[in-house]
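Observations on chain architecture
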Amino acid sequence: MSDTLIIAERNLIRLPRAPELLLAFTVQPIMFVLLFRYVFGGAIRTPGYSYVDYLVPGIIVQNIAFGGFVTAIGLNEDMHKGLIDRFRSLPMARPAVLAGRTLADVVTNALSIAILVLTGVIIGFSFHASALHALAGLALLLVFGYAFSWFFAFIGLLVSSPESANSVGFIAVFPLTFISSAFVPVRSMPSVLRAFANVNPFTIVVDAMRHLWLGAAAHNSVWGAVVWAFVIMGVFAPLAVARYRRAAGR
Amino acid sequence: MPPLERMGHETAIRVSGVFKSYGSVQALAGVDLEVAAGSVLALLGPNGAGKTTLVRVLTTLLKPDAGSAWVLGCDVVGDAAQLRERIGLAGQYAAIDENLTGLENLTMVGRLYGASRRRAKARARELLERFDLLEAAGRPAKTYSGGMRRRLDLAAALVAKPPVLFLDEPTTGLDPRSRLSLWEVIERLVAEGTTVLLTTQYLDEADRLANTIAVIDHGRVIAEGTADELKDRVGGQRLEVSLDDPAQAQIAAAALAPMSDETPAWEGTAVRLSVRERSGAIVEAVHRLSEAGVGVDDLVLRRPTLDDVFLALTGHVAEDAGEPVERERAA
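Residues numbered from 1 in each chain as written. Chains lettered and ligands numbered in written order. Predicted model: local features only at pLDDT ≥ 70, side-chain atom pairs only at ≥ 80, totals over all residues.

1. Comments concerning the overall build of chain B
Heads up, the condition is: Note on conventions: DSSP H or I runs of at least 4 residues are helices, E runs of at least 2 residues are strands, and numbering of each starts at the N terminus. Here the C-beta atoms are placed from the backbone, and a residue counts as buried if at least 20 other C-beta atoms lie within 10 Å of its own, exposed if 12 or fewer do, and partly exposed otherwise. The contact rule is simple: place each C-beta atom from the backbone, and if two of them lie within 7 Å, those residues are in contact.
When you go through chain B residue by residue, the secondary structure sums to 12 helices and 14 strands. Considering only C-alpha atoms, chain B reaches an extent of 80 × 50 × 35 Å along its principal axes. The buried share of chain B, reckoned over its 331 residues, is 45%. Considering only contacts within chain B whose residues lie at least 6 apart along the sequence, 68% involve residues at least 24 apart.

2. Thoughts on the confidence of the model for chain B
Residues and elements named next belong to chain B. Rules: Known as pLDDT, the predictor's confidence for each residue is given on a scale from 0 to 100.
The predicted model of chain B averages 86 in pLDDT, with 92% of residues at 70 or higher. Across chain B, the secondary-structure element scoring lowest on mean pLDDT is helix α1 (residues 4-7), at 44, and the one scoring highest is helix α4 (residues 102-112), at 95. Within the model, the stretch residues 1-8 combines pLDDT values under 50 with 7 contacts to residues more than four positions away or in other chains. Contacts from residues 320-331, a stretch scored under 50 in pLDDT, to residues over four places away or in other chains number 22 contacts. Quick note on the complex model: pTM equals 0.80, ipTM equals 0.83.

3. Remarks on the pairing of strand β2 (residues 25-36) of chain B
All names here are of chain B. Test applied: Should DSSP find at least two bridges between two strands, the strands are taken to pair.
For strand β1 (residues 11-22) and β2, the ladder comprises 9 bridges, and the chain directions are antiparallel. Residue Thr11 lies in a different strand from β2, and its bridge partner there is Ala36. In sequence, β1 turns back onto β2 through a hairpin of 2 residues, with Gly23 there showing a positive phi of about 60°.

4. Looking at the sheet that holds strand β6 (residues 87-90) of chain B
All names here are of chain B. Keep this limit in mind: Lines fitted to C-alpha atoms define the axes, with helix axes restricted to the stretch in contact, and inter-axis angles between N-to-C directions lie between 0 and 180 degrees.
Judged by pairing direction, the sheet is mixed, and its 6 strands sit side by side in the order β6-β7-β8-β3-β9-β10 without closing on themselves. Two strands in the sheet have a free side with no partner beyond their single neighbour: β6 and β10 (220-225). Adjacent strand axes in the sheet meet at a mean angle of 15°, parallel and antiparallel pairs treated alike. Taken together, the 5 bridges between strand β7 (residues 164-168) and strand β8 (residues 195-200) define a ladder with parallel strand orientation. Looking across to β8, one finds that Asp168 is bridged to Thr199. Running at roughly 105° to β10, helix α9 (residues 227-234) makes contact with β9 (212-217) and β10 of the sheet.

5. Thoughts on the pairing of strand β3 (residues 40-44) of chain B
All names here are of chain B. Counting buried positions over the 5 residues of β3 gives 5, a clear majority of the element. What you see with β3 is no split at all: Val40, Ala42 and Leu44 on one side and Leu41 and Leu43 on the other are buried throughout. Here β3 runs beside β8; their pairing, made up of 5 bridges, is parallel. Residue pairing across strands places Leu41 opposite Leu197, the latter belonging to β8.

6. Things to note about the nonpolar core
Quick note on the threshold: A set of buried residues qualifies as a nonpolar core if it consists of Ala, Val, Leu, Ile, Met, Phe, Trp, Tyr and Cys joined through C-beta atoms within 7 Å.
Formed by 155 residues in total, the largest nonpolar core has its most connected members in Val61(A), Phe144(A), Val205(A), Ala42(B), Leu58(B) and Val71(B). No other element matches helix α8 (residues 131-158) of chain A, which puts 14 residues into this core. What Val205(A) contacts, discounting residues up to four positions off in sequence, is Val61(A), Phe144(A), Ala225(A) and Trp228(A).

7. A short note on the packing of helix α4 (residues 51-65) of chain A against helix α11 (residues 201-214) of chain A
Residues and elements named next belong to chain A. Counted only if it meets this: Each angle receives one of four descriptions, namely roughly parallel if under 35 degrees, roughly antiparallel if over 145, roughly perpendicular if within 65 to 115, and oblique otherwise. Definitions for this section: a left-handed crossing has its near helix turned counterclockwise from the far helix by less than a right angle. A right-handed crossing has that turn clockwise. Classification used: nonpolar for Ala, Val, Leu, Ile, Met, Phe, Trp, Tyr, Cys and Pro, charged for Asp, Glu, Lys and Arg, polar for all others including Gly.
Two numbers describe how α4 lies on α11: the axes approach to 9 Å, and their chain directions differ by 130°. Between α4 and α11, the crossing angle belongs to the class labelled oblique. When you trace α4 past α11, the crossing you get is right-handed. Mapping the contact onto sequence places Asp53, Pro57, Gly58 and Val61 in α4 and Phe202, Val205, Val206, Met209, Arg210, Trp213 and Leu214 in α11. Its residues assigned to classes, the contact of α4 with α11 shows 8 nonpolar, 1 polar and 2 charged.

8. Considerations on the packing of helix α3 (residues 27-40) of chain A against helix α7 (residues 96-122) of chain A
Residues and elements named next belong to chain A. Across the interface, α3 lies against α7 with an axial gap of 10 Å and an inter-helix angle of 30°. In this view, α3 runs roughly parallel relative to α7, as classed from their interaxial angle. Relative to α7, the crossing made by α3 is right-handed. Contacts between α3 and α7 pair Pro29, Ile30 and Val33 from the former with Ser112, Ile115, Leu116, Thr119 and Gly120 from the latter. Residues that form the contact of α3 with α7 fall into these classes: 5 nonpolar, 3 polar and no charged.

9. Points about the interface of chain A and chain B
In this assembly, 19 residues from chain A lie in contact with 24 residues from chain B. Contributing elements (two or more residues each) for the side of chain A that touches chain B: α1 (2-13) and α6 (83-89) of chain A. Of all the elements, α6(A) adds the most residues to the side of chain A that touches chain B, at 5 residues. Of the residues in the side of chain A that touches chain B, the class split is 7 nonpolar, 3 polar and 9 charged.

10. Structural notes on the sheet that holds strand β12 (residues 265-267) of chain B
All names here are of chain B. Taken in spatial order, the 4 strands make up an open sheet running β12-β13-β11-β14, and their pairing is antiparallel. Since the sheet does not close on itself, it has two edges, and those belong to β12 and β14 (296-302), each with one partner. Between one strand axis and the next, the sheet turns through 15° on average, direction left out of account. Note: strand β11 (residues 237-243) against β14, 6 bridges, orientation antiparallel. Within β14, the residue paired with Leu239 across the bridge is Leu301. Relative to the sheet, helix α10 (residues 249-256) contacts β11, β12 and β13 (270-275), its axis offset from that of β13 by approximately 10°.

Right under this line is the structure:
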């Protein structure tokens, strides 16, 4: 556990020193919020809520899913630069390299949630829920983000370069986040997309967030969202660990 | 069973019949090796010879397919966890975090060895001073020069004061000055009693640093001994003749052939052969060549170098120094 914290600390120390990374966490999400709110927002009908209330939970979920990008790129770099070899030659806990990475993502995810909620509030978002529900929503976001970090850890160890980690992650996740209820009501989509969007874990998590933060009807989606987070973790954490053993054991 | 009692204090590293394949590529094809405690062994060989693979086996990063190896009496597979506390590894990649400062890099490694933050920091400063990096201690490592990175990497390998140190091509890609300063650092470590196994494709590096050289090619140790012993194996003296006209090379080679046990080799204007007798060799060569009507530009008699050793042992020249990384990793 202490090895995990040391690695997590290492990944956080470097954050302020990589300005492009910090921009990805701060300016980019803010830009997206403003774009959707003011460019597309006027044209999108969201019965029951103002678009800004509808948008903020959705865009935060999208953002959180991409939080693990740092893990994918970072692990891939570590592998190429021989750092993984160094870590493996040290008397440290084996899973600490991956666990430390993904733990660091939780901290950066919390940071980008804070920035996005603040931006949302400035442009008119408000919670329609108890503090307890709001906190439960926050916890769900962090768990879901953590699960996705394991997906990205796997991608980072799978591909041959940081650049391809970037594009594989982007191609796999970006459409998933859009074919969901994150930005527009699923009802407005053509039937094939609608069918997909309805079972898309992003829709389920976004709906759960709207339930927790806006009091919207959620059916079973809060627990469904938690289950999805654990399924993603349950699939990709072992895959990432197995890949780590293989990749590092060449 | 690990031959613990036989290893005693004299043998730091023992490798016995180690095989390792990557798919259809056989990286190690039965390596046997012994390194005495406190000595330096250089694994000399071209790219893809299996040097890095052997280092990875000995540093517990890779399990051998067959055979066994012990370092300090620890089996590299069975006692891996225990062994990791007692070895240091510095590779050809300078495995440091470029976004961390020199001090942060070494402190992190110290803490991963289980030291407290304060002790890890103190040790880091000690090492930074020793490796002439104290001034740069607070700068991110990405601002370091190639030589500084290698020194930081080596420092990271020494955090836990390991009695055995593995250096995988420690100076590949460095400029001559940084190379020399790294050699001096390694020599100091050896003087303090550290056992070193280093891999290199530079013959002069092996010649300068190592007590024993193991020549490795296609995953096998094909020769082992001191630099002098290896040179003696090639035997005799080397005669090198530069001709005025490359067209006469074959005639010159034929004329000189009776002086050697082997067929003289020629390339361009150069003819090379090993001669049996040093005394009178130059006079005889000049005489033979002038009788054959061959114009000579220059003529040198010298002791064999490790280059000659390598050529004689493997049938091909050692790899060009310009090649920076070992390709076997890509397998």
